[in-house]
Structure formats: C-alpha cells, structure tokens
Amino acid sequence: MNSLESQLTYPFGDMMPASGEVVPIVPGLSWLRMPLPFALNHINLWLLKDRFGDGGADGWSVIDCGVADAATKAGWEAVFSSGLDSLPLQRVLVTHCHPDHVGLADWLCRRWQAPLWMTAAEYGFARMMAAALPGVDGTAALPHFQRHGLTDPAYLQQMQGRKNYYPTLVPAVPAAFTRLQDGQLLQIGAHNWRVITGFGHAPEHAALYSAELNVLISGDMVLPRISTNVSVFAVEPEANPLQLYLDSLGKFAHLPEETLVLPSHGKPFRGLHTRIRQLREHHVERLAEVMHACAEWQTAADIVPLMFRRALDSHQLSFAMGEALAHLHQLWHDRIVRRETGSDGIIRFRIM
C-alpha cells in the first residue's frame with residue numbers, strides 16, 4: 001500500500017469478490033466484481049434490493065454492467081443462478097457511457113425486460129459510439145492525436161486497428177431509457193438515493209448517495225488508488241475537462257468524511273475528503289510539471305512520457321494522450337500557455 005492509500009480506511013480489508021460472487025456490503029446492497037480485458041482488470045458493480053414497478057414486487061436494481069464479453073456474461077450467469085435469491089433484476093442503472101459500465105446493458109435489459117436508467121448525455125454518447133458515428137468512432141482519434149504530435153508508426157498502426165473498438169465492447173444500447181438528473185431522489189428499496197452528476201471524465205456521469213446509509217456509489221469520479229482519467233477527445237477538441245472534473249469534485253465536499261465510498265475500481269473505502277484533497281494535489285503537481293516543460297514548445301505527445309513514466313499499450317496511450325492534452329488545455333484556458341499550429345499541422349504549446 002502506498003502512502004496515499006495508507007491515508008484511507010478500507011473497511012473490508014483486501015477482500016475482493018470473485019467473478020460471479022455476491023458480497024453483502026450493507027443490508028440490501030451487495031458488491032460484484034467482473035473482469036476486464038485491460039490493464040485495469042476489474043470493475044465493481046452494485047446490486048441493490050428493490051421494490052420497483054407497478055406491481056411493487058421485490059427484485060434488484062443493478063448499477064453498471066461490465067463489458068460485453070464471454071467472461072463477464074459467465075460472471076453474470078453465476079449471479080443469476082445463485083446470487084439473486086430467486087428475484088429478478090428490475091432495472092439497470094448506468095453511471096456513464098464507458099464500455100466497462102454500459103457494455104452489457106442491452107443484454108441485461110433484454111434478459112430481464114428491465115428498463116435502463118442513465119443521464120441524457122451519457123445515454124446519447126453511448127448510442128453514438130455504439131453506432132460508430134463519425135467524430136466519435138475509433139477512426140476520429142487517429143487524426144486528432146496526430147495533430148497533437150503522435151507520429152510513432154507502431155502506435156499509429158495499433159490505434160488504426162481500434163477503429164471499431166467501442167462497438168466490440170458495447171454492441172448495442174437499449175432503444176429507450178429513463179433519464180437520471182442532478183439532484184434527483186430515487187427510491188431504491190427501503191432507501192433514497194440522490195443523483196450527483198459530474199463532468200470531465202464523461203459527459204454527465206451519475207454518482208448516487210444515500211444519506212440514510214451514508215454510502216456513496218462514486219462510479220469513476222472518486223477512485224481510491226488511481227486518478228480518474230480526464231481526456232480531450234476528437235469530438236470536443238477545444239474542451240477543458242480537467243477544470244470540469246476539479247469543479248465536480250466540489251459537489252462531493254458536503255458529504256461526511258466517514259462516508260463509505262463504493263468506487264468502480266479498487267476497494268470500498270472511507271476518507272472521502274482526504275481522497276478529494278489527494279486528487280486535487282495530484283493535478284496541481286501535474287500542471288506544475290507540464291507548465292515547467294512548456295518553457296519550450298511542447299506537443300501533447302511530448303508531455304506523455306513526462307506524465308506517464310512506464311511503457312504504454314495502445315489502449316493506455318489513447319488515455320495518456322487525452323490526459324496530457326487535458327492538462328495542456330487547462331493551462332491554455334487559464335492563459336498560462338499559448339497554442340500554435342505549425343506549418344506541419346501539429347499543435348504545440350508554450351508558456352506565455
């Protein structure tokens with residue numbers, strides 16, 4: 001455990017559910033953990049005992065789904081066979097549009113005839129990316145990153161091969177949804193949960209907080225060990241996602257420090273304010289490093305090895321490029337650096 005992690009409290013220790021195992025957290029709320037085919041090799045999902053629908057029968061709501069692959073489906077089949085107390089899934093809530101969260105939503109919704117609940121922006125982006133529409137498909141990333149200095153032929157070839165990446169993990173999204181909105185109170189079983197939207201990591205990420213349980217289902221907005229990715233993507237090339245993310249962290253500031261945080265990756269923890277402070281300090285340090293580097297003209301590709309001091313595969317490189325650009329854009333929007341496009345078509349940044 002590193003020094004930052006040691007400042008947090010992990011009430012369940014190092015215990016991790018096996019794929020398909022259901023672990024109770026508090027009465028009426030259980031923890032699932034599904035595999036992912038990435039370096040970040042797992043996602044946490046949450047089952048909440050519910051009484052939903054016109055009939056008011058008992059069942060379950062699930063928060064997030066996992067990717068659409070055989071290993072995750074096998075994990076879900078194990079849950080269906082022994083982890084639901086012979087009760088149905090009654091609704092599928094998805095925090096945001098990334099594949100590990102929405103990938104199996106259509107499969108689950110069809111399997112159980114259950115409605116999908118998402119914020120409007122997340123639902124819209126999921127539909128666009130699953131359909132591989134121009135601008136949000138995999139091919140859009142290549143010229144976007146080339147403009148920001150990515151020239152390595154091997155990486156470019158790998159990224160070219162990712163043009164249908166999202167649809168392979170999210171082959172379909174339900175054709176209808178129920179909208180989640182900021183501040184909305186949802187009754188899930190015996191408890192109320194308030195929607196807290198956040199920005200920067202995704203278009204309109206939905207976290208859920210129950211004051212009665214003092215539990216925050218934080219999605220990807222607050223993670224205990226890694227920092228949430230914030231990226232500038234081709235579809236919104238002038239974006240300032242880091243500022244959006246830092247502003248969004250403030251929306252959790254009024255929650256109690258002893259809140260039990262249930263993140264999408266890593267272990268449940270307590271120490272919410274401590275972790276928010278750590279995340280803010282992390283980005284202040286990264287911004288200082290990037291600003292110092294910009295004493296000379298820098299591309300986003302130049303900044304990647306400064307921020308990520310390890311070998312990266314093509315999946316990790318796309319996020320690293322997006323995050324390097326997010327930090328450059330923060331400085332650019334704050335008028336600390338200027339941005340110019342060279343005669344070679346590549347965008348570079350330098351301190352004012």
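As shown above, the structure is provided for reference.
Residues numbered from 1 in each chain as written. Predicted model: local features only at pLDDT ≥ 70, side-chain atom pairs only at ≥ 80, totals over all residues. Heavy atoms only, no water.

**A short note on the packing of helix 9 (residues 272-293) against helix 10 (residues 300-307)**
Stated precisely, the cut-off is as follows: Axis definition: a line fit to C-alpha positions, over the contact stretch in the case of helices; interaxial angles, taken between N-to-C directions, run 0 to 180 degrees. Labels follow the DSSP assignment, with helices taken as runs of H or I lasting at least four residues and strands as runs of E lasting at least two, numbered in each case from the N terminus. These descriptions rest on fixed angle ranges, namely under 35 degrees for roughly parallel, over 145 for roughly antiparallel, 65 to 115 for roughly perpendicular, and the rest for oblique. Here a crossing is called left-handed whenever its near helix is offset anticlockwise from the far helix by less than a right angle, and right-handed whenever the offset is clockwise. A contact between two residues is defined here by any heavy atoms of the two lying within 4.5 Å. All amino acids are sorted into three groups, where Ala, Val, Leu, Ile, Met, Phe, Trp, Tyr, Cys and Pro are nonpolar, Asp, Glu, Lys and Arg are charged, and the leftover types, Gly among them, are polar.
For the pair helix 9 and helix 10, the least separation of the axes is 11 Å and the interaxial angle reads 130 degrees. Relative to helix 10, helix 9 is oriented oblique. Both helix 9 and helix 10 take part in a crossing whose hand is right-handed. Counted together, Arg286, Glu289, Val290 and Ala293 of helix 9 and Ile303, Leu306 and Met307 of helix 10 form the full contact between these two elements. Among the residues making up the contact of helix 9 with helix 10, the classes are represented as five nonpolar, no polar and two charged.

**Structural notes on the environment of aspartate 247**
For clarity, the cut-off: Only protein chains enter the calculation, and the probe is 1.4 Å; a residue is then buried if its accessible area is under 20% of its type maximum, exposed if over 50%, and partly exposed in between. Pairing of N or O atoms within 3.5 Å defines a polar contact, subject to two protein rules: one partner must be a possible hydrogen donor and the other a possible acceptor, and residues neighboring in sequence count only if both atoms are side-chain atoms.
By secondary structure assignment, the location of aspartate 247 is in helix 8 (residues 241-249). Look at aspartate 247 and you get partly exposed, because its relative accessible area is 47%. Sequence spacing of aspartate 247 and glycine 198 is 49 residues, and the spatial spacing of their C-alpha atoms is 8.5 Å. Side chain to side chain, aspartate 247 and glutamine 243 meet in a polar contact 2.9 Å long.

**Describing the nonpolar core**
For the record, the criterion: Take the buried residues of types Ala, Val, Leu, Ile, Met, Phe, Trp, Tyr and Cys, join any two whose side-chain atoms come within 4.5 Å, and each joined set is a nonpolar core.
Core analysis: the largest hydrophobic core is formed by 47 residues, its most contacted members being Leu216, Val222, Phe252, Leu272, Val304 and Met321. Sorting the residues of this core by element identifies helix 5 (138-147), helix 6 (153-160), strand 10 (205-210), helix 8, helix 9, helix 10, helix 11 (314-333) and strand 15 (347-351) as the ones contributing at least two each. Residue contributions to this core peak at eight residues, all from helix 11. Once you skip the residues sitting within four places of it in the chain, phenylalanine 252 turns out to touch Ile196, Ala207, Leu216, Met221, Val222, Leu272, His273 and Ile276.

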